[in-house]
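Residue-level structural notes
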Amino acid sequence: MKPLLYMTIYEEIKLQILEGTYKIHDKLPSKRKLASFYNVSVFTVERAYMQLYSEGYIQPIEKKG
């Protein structure tokens, strides 16, 4: 079974957080920038970010990145 695209993005960002690539209070790439990088829709990236948020890895601040 092929993994869902948003889960692939979620896993990559989660790993970067756990490895320390992203530290507390670091801004993650914008949804549009990441969507362009992965060649997916903004909605796909938003789902990945929402999964990270639901598990406590990030805390979104609207219009702040």
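Shown above is the structure to which this text applies.
For the structure given in this document, a descriptive report is provided here. Please read these numbers as outputs of a predicted model, since none were measured by experiment.

1. Topic: the packing of helix 2 (residues 31-38) against helix 3 (residues 42-54)
Two numbers describe how helix 2 lies on helix 3: the axes approach to 8 Å, and their chain directions differ by 115 degrees. Accordingly, the angle class assigned to the pair helix 2 and helix 3 is roughly perpendicular. Every pair of crossing elements has a handedness; the one defined by helix 2 and helix 3 is right-handed. On helix 3, the residues touching Lys31, Arg32, Leu34 and Ala35 of helix 2 are Val42, Val45, Glu46 and Tyr49. Residue composition of the contact of helix 2 with helix 3, grouped by class: 5 nonpolar, no polar and 3 charged.

Calculation criteria
- The numbers attached to residues start from 1 for each chain and follow its sequence in the written order.
- Only residues with pLDDT of 70 or above have their local features reported here, since the model is predicted, and side-chain atom pairs are shown and tallied only from 80 upward, although totals for entire chains, interfaces and linings are computed over all residues.
- Water and hydrogen atoms were dropped before computing side-chain values, which therefore reflect all heavy atoms in the structure.
- Helix axes are fitted to C-alpha atoms over the stretch in contact, other axes to C-alpha atoms as well, and angles between N-to-C directions run from 0 to 180 degrees.
- Secondary structure follows DSSP: runs of H or I at least 4 residues long count as helices, runs of E at least 2 residues long count as strands, and numbering of each begins at the N terminus.
- Here the word oblique covers every angle except those under 35 degrees (roughly parallel), over 145 (roughly antiparallel) and from 65 to 115 (roughly perpendicular).
- Handedness of a crossing follows from how the near helix is turned relative to the far one, being left-handed for an anticlockwise turn of less than a right angle and right-handed for a clockwise one.
- Whether two residues are in contact is decided by their heavy atoms: any pair within 4.5 Å suffices.
- Just so you know the grouping, Ala, Val, Leu, Ile, Met, Phe, Trp, Tyr, Cys and Pro go in nonpolar, Asp, Glu, Lys and Arg go in charged, and all remaining residues, Gly too, go in polar.

Nothing here speaks to function; it is geometry throughout.
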